[in-house]
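Here's the letter readout for the chains.
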Amino acid sequence: MMSNEIEHFFEMQDEAASLAFLEHKGDELTDILVAALEDALKILSDEIRPETLH
């Protein structure tokens, strides 16, 4: 289930990055890449962070 979400996430980012690159929009491409990195780090930190037991 998690791998499907990650796969879909990367597909969407690839499409957005390709479109921005083709249109020569460097600032938009940078924004997309930064957002993708932030999302990827959030996904990874959620996977690594141990569950809190109450």
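Residues numbered from 1 in each chain as written. Predicted model: local features only at pLDDT ≥ 70, side-chain atom pairs only at ≥ 80, totals over all residues. Heavy atoms only, no water.

### Observations regarding the overall build of the protein chain
Point 1. A count of helical and extended segments in the protein chain gives two helices and zero strands.
Point 2. Classification of the 54 residues of the protein chain by burial places 13% in the buried group.
Point 3. Total accessible area on the protein chain stands at roughly 4900 Å², and carbon and sulfur atoms take up 62% of it. (Helix = DSSP H or I, 4+ residues; strand = E, 2+ residues; numbered from the N terminus. Buried < 20%, exposed > 50% of the residue type's maximum accessible area, 1.4 Å probe, protein only. Areas by Shrake-Rupley, 256 points an atom, 1.4 Å probe, with all protein chains shown as cover.)

### Examining a nonpolar patch on the surface
Point 1. On the surface, L41, L44 and I48 cluster together to form a nonpolar patch covering roughly 350 Å² of accessible area.
Point 2. Relative to the helices and strands, L41 resides in helix 2 (residues 26–48). (Patch = residues over 30% accessible without salt bridge, like charges linked within 9 Å, V, L, I, M, F, W, Y side chains within 5 Å. Salt bridge = Lys/Arg side-chain N within 4 Å of Asp/Glu carboxyl O.)

### With respect to the pattern of salt bridges
Point 1. Taken as a whole and judged by the stated rule, the model has one salt bridge.
Point 2. Between K42 and D46 there is a salt bridge whose closest N-O contact spans 3.0 Å. Here K42 pairs with D46, and both are found in helix 2, just four residues apart, close to one helical turn.

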